[in-house]
Amino acid sequence: MKKIQLTLLFMLLIFQGFAQSLQVKGKVSSSDGTGIPGVSVTEKGTQNGSVTNADGTYAIKISSGENAVINFSSVGMISKTESVRNRATIDVTLLDNSEELSEVVVVGYGTQRKSDLTGAVGTIKTEAIQERRSASLNQAIAGRVTGVNVSVNSGRPGGRSNIRIRGNTSVSVANNPLYVIDGVILVASDLANGSTPIDYLNANDVSSIEILKDASATAIYGARGANGVILISTKRGSQEGGRISYDTDFSVGVLPRKIPLLNSAEFLLVEDQAYVNAKKYDPVGFAGGKYTNPATKRNNPLLFDSSGKPLYDTDWQDESLKPALTQNHQLGFSGGNSKESYGLYLGYRDEDGLMNGSYLTRYSSRFVLDSQIKPWLKVGGSLSYNVQNESQVDPLGNGGIVAMRQVLEALPIIPVKYPDGSWGSNENYPGMEGGGNPIQVSEERLFLLKTQSFMGNFYTNINLAKGLELRTTVGVNIINQETNYYGGRTLNYISRNQGGDAALTSDRHNSWQIENYLTYSKKISQDHSFVAMLGQALQHVDRMNFTARAQRFQDDYFQFNNLGTGAVTPASSSSLSAYGLESYFGRFNYNLKDKYLLTFTGRVDGSSKFGSENRYAVFPSAALAWKVIEEDFMQDIPFVSNLKLRTSYGITGNSEITAYQSLAGLGNYAVIFNNSRQVGIGVNRLANQDLRWEKTAQVDLGLELGLINNKINIEVDLYRKLTSDMLLSAPVPSSSGFTTVSKNVGSMENRGLEIGINSVNITTPNFSWNSNFNISFNQNKVVELAGGSDIFLGATIVRVGAPVGSFFGYVNQGTYTVAEEGLASKYLKKPGDIKNQDTNNDGKINDNDRVIIGKGIPDSFGSFINTFTVKNFELMVDLQFMSGNDVLWRSKHSAEDRVGIANSFKTVLNGWTPANQTSTLAELRPVSAGYNTFNDTDKIIDGSFIRGRNAVFSYKFSPDVVRKMKLSKLRAFVSVQNFFLATKYPGYDPEVANSGAAFDQGFDLYAYPKARTFMIGLNIGL
C-alpha cells in the first residue's frame, strides 16, 4: 500500500513538474514597435509572474494550462489581458494613459504618432463606428470629428448623406471629400440617386478612420484634397492565432412624428369654403359657371352615404409609413502570427424602409492577407466584393417625389382599396388632382437599383537599407450599377400618358492606380531626426453607360423584363469617357529635440481633363508645431500634461469636372425633315483651352491642451480657406449656338473655428464617466464672380458677399387686410391675398423684387457624447445639434397654397378670413381663382435642432463567464437611434436635402422621413 502511495505521489510530482514547466514567452511593445522594459506579467488568479527585460521580452511559467489568462500592466500604461489558448508565444502592444497622444494614426502615404502631427487630423476608432449601426458609413461617423458636418438627408434605407469638411469650396464641382480605402482612391461620381462610392462599403469592415482637414494634411493628395480627405483602414488578420467573431442586431424603425393633415370632414369644409370664396377672387368665372358646387359631387355611393357624408377617413401616413424591420449579420474569421496573418469577413444586411415598397439588401465579403516573406520583404493585400440591391421610392428624377407627395395629398375620403379590390384614387372624386394612391404608386412604380462593387489592392514593402523602405501598391475599384425602372400603365402624372414606361440603365465605373514611394527615416542624433517620403502615382478612370427604353405596353406583366413588348421604343443612349492622372509627391518631416516639428509637403498633379497649357499644377504646403509641454519652464506647471501649438499653410485642388470639358465636343441632333425624324452629328460643346484647376489656399492655427494627466483634452483650430478659379458650367449668349461653357468663374471663402473637448470626468473601480463635446463654426462667403453676375442654381443663388447657395425669393409680409384694400389694388391684389414686399419700390411685384431669404448652411454644428460605465454595464448617449440653418419647405406650396384639388396641411384651417386678418396664409379659394406659388420667406423656416442621435445600453460579460462559455468576448446591447428631436421645424426633419440641385442643403420637397429605430444586438468572439 505504501508503494502505491509513493508511486502516486511520485507521479503527482512529475505532473506538477510538467505543469510548472509550461512556459509562455513574447514581447511587450509600445505603439511604435519599441519594446517596453519593466512591464509586470502575471498569471491571473496565481502568484506566477515575470517582468519584461530591457528589450521588452518576457517568459512566464503558467499553471492553468490553455485556460490561463495573463495580465500585462505598467505604470502609466493601459493594462491588457490575453487568454493563453494553447499559444506558446504572445506578443502584445500597450498604450500609455495618454492614448490620444501616443497612438499611431494614418496619414497620406504613411503613419505618424498623434503627438507628432503638424496638421489637423481627426481619428475615429472601430468602437465608435460600431456604436451607431447603420447601412451607411457616413452616418456612423457623424458628429465624431470637429469641422466635419455630416447631414443625413433622407430616411430611406441606406440614406443619402452630404459630408462637408470645413464648408463648401465649389459652386458646381463636387464638394464631397476624397475617400481612400486601404490606399485605394475612390473616384466614381454621378452614381445613381446622388450616392457616393462609400455608401457601398460595409461599415463593419472598418478598423479606423482618419479625417484630414487642413492643407498640411491634405496637400499630399494635391488636386483632390480641397474638400478634405477621409482615410479608411479596414480590419486585417489576427496575429494571435485563430479568431472567430459574430456580430448581429435586429431593429424596428417607426415614424417619430406626423405632419397634421386634414381629415375627411375638414377637407370637405375647406373645399366648400374655397368654392364660396371663388366669387370674390374670380367673379367673372364664378358668374359664368366655371366653378362647381362641391355639394353636387358628393353622390358617389362608394364614397358617400345618402346624406353626403364621407364613408372613409383614411390616414395616409398610417397606411404608407409602416414599422420597418432590419436584420444585420457580420461573420469574421481571422488567424495568423506576427509574420503572417489572414482574415475573411462576411456580411448580410436586410433593411426595410418606412415607406411601403422600399428596402435594401447587402451581401458583402472581404479577404485580407499579410505576409512577412523575408526579413526585407513584406507583401499583402485585400479583395472585397459587395452586392447591394435597393428598391427606392424617392429617386432623383423618375417621379421620385411622387410617392411621398401622394402620402400628403391623397384624399382622406378615399380608401386604399374598394371592397371589390380596386385601388382608390383622387381621381374618383371629380375635380381633383393626382394619380394613384401612395400604396398603388409604391407597388406599380418600380425603381430597383443593383450595385456591384469590387475593390482590390496589393502591396509590397521592401527594406532596401536601414531606415529606407520602398512601397509599391496596385489598386483597382470597379462599380457596376444597374437601374431597372417601370411605371405602370395606369399611374397618372407618372406613366399613364406613355402607356407604361420601362427603362434599363447600366453604368460601369472603372479605376486602377499604381503608386510607388520611398520612405527614409533617420535619427541623426539625440536631438535631430527626420522622415522623408518621395513618390509617383498613375491613375486611370473610365466610365461607360447606356440606357434602353420602351413604352406603350399591352399589360404590366413583363414590367422592365422584356422591352420588346413595348410598342414605342424611344432612342437608346450610351456614352464612354475616360481620363488619367499623373502625379509626383513628397513629404519631409523634421523633429528637433522632440519639441519642434516641421513638415513640408508637395504634390504635382497632371490631368487630361484640362487644357494643354494648364494640365499640370503644383500643390505645396508647410506646417510647424511646437510641443510647448517639453520645455523646461512647463515642468513647474503640473496640472498641464500636454500643450502643443501648430500652424500650417498650403494649397490643394479640385478637379472633379466631367472629362473633356476643355475640348469642343460632338453630339447628335434630331430634326424633322420630309416628315421624318433625321439624326445628325455636330458640335455641341464649346472648347476652353484656358480651363484650369480650382485651387484652395488654407491657413490653420491649432492648439492642443491636456490637463490633469490628460483627463481633459482640448483641441482648438482656427482656419481660413480661399478657393479661386472656381469651375462652373456657365451660361453664354444663345446667339453663340450654345447655352453653357465650362470656365473658371471666381472665388469663395470659408472661415471657421473648431473646438473639441474630451474629458474623463469620474474614474473609480466600479464607475466611470467620459464626455466628448465638439462644436464647429463656419462662415461661407462668395468673394468674387467673373463679371460680377449672379448665378442661379435651382432655388438658390450664388452672389458675391453672400453664402453660396443662399435661398432666393420674395419677402412675405403676411396678407392684405381690409384696411389695406387700396394698397392691395395697386398690386392687383385683394384683401386676403399674400402681401409680398415691393423691395425696389417700383410699384410692381416681379422677379426684380426677389432677395436672399435664407441659407441652408448652418452657422454651427456639433455633438455631445457621454459614456457611463457601472461595472460591466455601459450607457452611451449621443446628442447632435445644429443652429443657424434655414429650411426651404417647398412642400408648403402645394400643401397650403393649392387647396381643394388634393389634401392639405391642417394649417389651412387658419387661413385669412375677415375675422382672422393677421394670418400669413391666403384666404381659401379654388386653384383657378389664383394662388401664391412663389418661394418666399413664409416657406423659410428655422432649421436649428437638437437631436438624440443614439443611446446604447450594453452589458459586457465578465472574463470568467466568457471563459466558461469557451468564448473570447460576449456583449449584449440595446439602442435607440433618433430618440428625440427638438426643433421649431414643423416638417418631418430639418436635416434634409432632396432637390438634386448643386446646393440643396435645407431644401425639403416631400422628403423621405427618418425613422426612430429600436435595436437589440450581440457581439460574440471565439
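Residues numbered from 1 in each chain as written. Predicted model: local features only at pLDDT ≥ 70, side-chain atom pairs only at ≥ 80, totals over all residues. Heavy atoms only, no water.

1. A few points about the overall build of the protein chain
Here is step 1: Summing up its helical and strand segments, the protein chain has 13 helices and 51 strands in all.
Here is step 2: The C-alpha radius of gyration of the protein chain comes to 33 Å, within 12% of the 31 Å expected for a compact globule of 1022 residues.
Here is step 3: Projected onto its principal axes, the C-alpha coordinates of the protein chain cover approximately 120 × 80 × 65 Å.
Here is step 4: Sequence-distant contacts in the protein chain: of pairs separated by 6 or more residues, those separated by 24 or more amount to 68%.
Here is step 5: If the 98 positive side-chain charges of the protein chain are averaged to one point and the 95 negative ones to another, these points end up 4 Å apart. (Helix = DSSP H or I, 4+ residues; strand = E, 2+ residues; numbered from the N terminus. Rg over C-alpha atoms; globule rule 2.2 N^0.38 Å. Contact = heavy atoms within 4.5 Å. Lys, Arg positive; Asp, Glu negative; His and termini not counted. Charge placed at Lys NZ, Arg CZ, Asp CG, Glu CD.)

2. With respect to the pattern of salt bridges
Here is step 1: One pass over the structure, following the stated rule, counts 52 salt bridges.
Here is step 2: A salt bridge links R298 to E271, with the nearest nitrogen and oxygen atoms 2.9 Å apart. Taken together, the positions of R298 in the loop between α7 (283-287) and α8 (316-320) and E271 in helix α6 (residues 264-281) put the pair 27 residues apart, joining distant regions of the chain.
Here is step 3: With relative accessibility at 12%, the residue R298 sits in the buried group.
Here is step 4: Judged by its relative accessible area of 5%, E271 falls in the buried class.
Here is step 5: Between K1010 and D989 there is a salt bridge, with its nearest N and O atoms 3.4 Å apart. With a gap of 21 residues between them, K1010 in the loop between β50 (1003-1004) and β51 (1012-1021) and D989 in the loop between β49 (969-983) and β50 connect regions that are remote in the sequence. (Salt bridge = Lys/Arg side-chain N within 4 Å of Asp/Glu carboxyl O. Buried < 20%, exposed > 50% of the residue type's maximum accessible area, 1.4 Å probe, protein only.)

3. Focus on a nonpolar patch on the surface
Here is step 1: Together, I244, F333, Y342, L344, L346, F367, L369 and L1022 make up an exposed nonpolar region whose accessible area comes to about 630 Å².
Here is step 2: For the nonpolar patch, the elements supplying multiple residues, two or more each, are β19 (340-352) and β20 (359-374).
Here is step 3: Broken down by element, the nonpolar patch gets its largest block of residues, three residues, from β19.
Here is step 4: In this fold, I244 is placed in strand β17 (residues 243-254). (Patch = residues over 30% accessible without salt bridge, like charges linked within 9 Å, V, L, I, M, F, W, Y side chains within 5 Å. Areas by Shrake-Rupley, 256 points an atom, 1.4 Å probe, with all protein chains shown as cover.)

4. Side note on the pairing of strand β44 (residues 860-870)
Here is step 1: Within β44, eight of the 11 residues are buried, which leaves the element mostly enclosed by the surrounding structure.
Here is step 2: Strand direction decides the pairing type here: strand β37 (residues 767-785) and β44, joined by 11 bridges, are antiparallel. From the neighbouring strand, F773 faces β44, where its bridge partner is F864.
Here is step 3: Strand direction decides the pairing type here: β44 and strand β45 (residues 873-883), joined by 11 bridges, are antiparallel. Note that in β45 the partner of I865 across the bridge is D878.
Here is step 4: Where β44 folds back on β45, the antiparallel hairpin that results is connected by two residues, among which K871 adopts a positive phi of roughly 55°. (Pairing = 2+ DSSP bridges.)

5. Quick look at the environment of L269
Here is step 1: Structurally, the position occupied by L269 is in helix α6.
Here is step 2: Using a relative accessible area of 52% as the deciding quantity, one classes L269 as exposed.
Here is step 3: Measuring from C-alpha to C-alpha, the distance between L269 and G900 comes to 9.6 Å, with 631 residues separating the pair along the chain.

6. Examining the side chain of K644
Here is step 1: Within the secondary structure layout, K644 lies in strand β29 (residues 640-654).
Here is step 2: Looking at K644, its side chain comes within polar contact range of the main-chain oxygen of S115, at 3.1 Å.
Here is step 3: Of the polar contacts made by the side chain of K644, one reaches the backbone oxygen of L117; its length is 2.7 Å.
Here is step 4: Beyond its immediate sequence surroundings of up to four residues, K644 is in contact with K114, S115, D116, L117, A625, W626, K627, V628, G702, L703 and E704. (Polar contact = N/O pair within 3.5 Å; in protein donor to acceptor, adjacent residues only side chain to side chain.)

7. A closer look at the packing of aromatic side chains
Here is step 1: Tallying each qualifying case throughout the model produces 25 aromatic pairs.
Here is step 2: For the pair Y109 and Y517, a centre-to-centre distance of 5.2 Å together with 80° between the ring planes defines the contact as edge-to-face. Here Y109 is found in the loop between β8 (104-107) and β9 (110-113), whereas its partner Y517 is found in strand β24 (residues 501-523), with 408 residues between them in sequence.
Here is step 3: Exposure remark for Y109: the relative accessible area of 8% places this residue in the buried category.
Here is step 4: Here the aromatic rings of Y810 and F934 are separated by 4.6 Å at their centres, their planes lie at 35°, and the arrangement is tilted. Note that Y810 is positioned in the loop between β40 (806-809) and β41 (812-815) and F934 in the loop between α12 (892-897) and β47 (940-942), a separation of 124 residues in sequence.
Here is step 5: Accessibility expressed as a relative area gives 4% for Y810, which makes it buried. (Phe/Tyr/Trp six-rings, centres within 6.5 Å; stacked < 30°, edge-to-face > 60°.)

8. Section: unusual backbone geometry
Here is step 1: The backbone of D182 sits at a positive phi, close to 50°, despite the residue not being glycine.
Here is step 2: Here D182 lies in the loop between β13 (178-181) and β14 (184-186).
Here is step 3: A residue is classified by how much of its surface remains accessible, and D182, at 23% relative accessible area, is partly exposed.
Here is step 4: With a phi angle near 60°, N710 is a residue other than glycine that sits in the positive phi range.
Here is step 5: You can see N710 is positioned in the loop between β32 (694-707) and β33 (712-724).
Here is step 6: A relative accessible area of 12% means that N710 is categorised as buried.

9. Let's talk about the confidence of the model for the protein chain
Here is step 1: When pLDDT is averaged along the protein chain, the result is 87, and 90% of the positions lie at 70 or above.
Here is step 2: Across residues 1-21, confidence stays below pLDDT 50; counting only partners more than four residues off in sequence or on other chains, it has two contacts. (pLDDT = per-residue confidence, 0-100.)

10. A few points about the nonpolar core
Here is step 1: Counting 36 residues, the largest nonpolar core has I259, M355, M404, L408 and F905 as the members making the most contacts within it.
Here is step 2: Elements with a minimum of two residues in this core: α9 (402-409), β46 (886-889) and β47.
Here is step 3: Ranked by residues supplied to this core, first place goes to α9 with four residues.
Here is step 4: Formed by 25 residues, the second largest nonpolar core is a distinct cluster that contains A140, V206, I230 and M455. (Core = buried A, V, L, I, M, F, W, Y, C linked by side-chain atoms within 4.5 Å.)

11. Here's the deal with the pairing of β9
Here is step 1: Bridging between β8 and β9 involves four bridges; their strand directions are antiparallel. Directly across from V105, in β9, lies its bridge partner Q112.
Here is step 2: Hairpin remark: β8 followed by β9, antiparallel, with two residues in the connecting loop; positive phi at Y109, about 60°.

12. Overview of the sheet that holds strand β2 (residues 40-43)
Here is step 1: Read across the open sheet, the four strands follow the order β3-β2-β5-β6; overall the sheet is antiparallel. In this open sheet, the two edge strands, each paired with only one partner strand, are β3 (49-51) and β6 (80-83). Ignoring strand direction, the axes of neighbouring strands in this sheet form an average angle of 20°.
Here is step 2: Both β2 and β3 contribute to a ladder of three bridges, which runs antiparallel. Looking at the pairing, S40 lines up with V51 of β3. (Axes fitted to C-alpha atoms, helices over the stretch in contact; angles between N-to-C directions.)

13. Some words on the environment of A278
Here is step 1: Tracing the sequence through the fold places A278 in helix α6.
Here is step 2: In this structure the C-alpha to C-alpha distance between A278 and A929, which are 651 residues apart in sequence, comes to 6.1 Å.
Here is step 3: Ignoring anything within four residues of it in the chain, the contact list for A278 reads P283, F286, Y291 and P926.

14. Focus: α6
Here is step 1: Under the 1.5 Å per step criterion, the end-to-end length of α6 is 25 Å for 18 residues, consistent within 8% with the ideal 26 Å.
Here is step 2: Those residues of α6 lying buried are S264, E266, F267, L268, V270, E271, A274, Y275, N277, A278 and Y281.
Here is step 3: Tucked into the core, α6 has its buried residues touching α7.
Here is step 4: Structurally, the start of α6 carries an N-cap: the backbone nitrogen of A265 is 3.2 Å from a side-chain oxygen of N263. (Expected span 1.5 Å × (residues − 1).)

15. Description of the sheet that holds strand β15 (residues 206-212)
Here is step 1: The sheet built from five strands is open, its strands ordered β10-β15-β16-β13-β14 with mixed pairing. Each edge of the open sheet carries a strand with a single partner, namely β10 (121-125) and β14. For this sheet the average axis-to-axis angle between neighbouring strands, irrespective of direction, equals 20°.

16. Focus: the environment of V441
Here is step 1: Relative to the helices and strands, V441 is located in helix α10 (residues 438-444).
Here is step 2: Exposure remark for V441: the relative accessible area of 2% places this residue in the buried category.
Here is step 3: C-alpha separation for the pair V441 and G357, spaced 84 residues apart in sequence, amounts to 9.2 Å.

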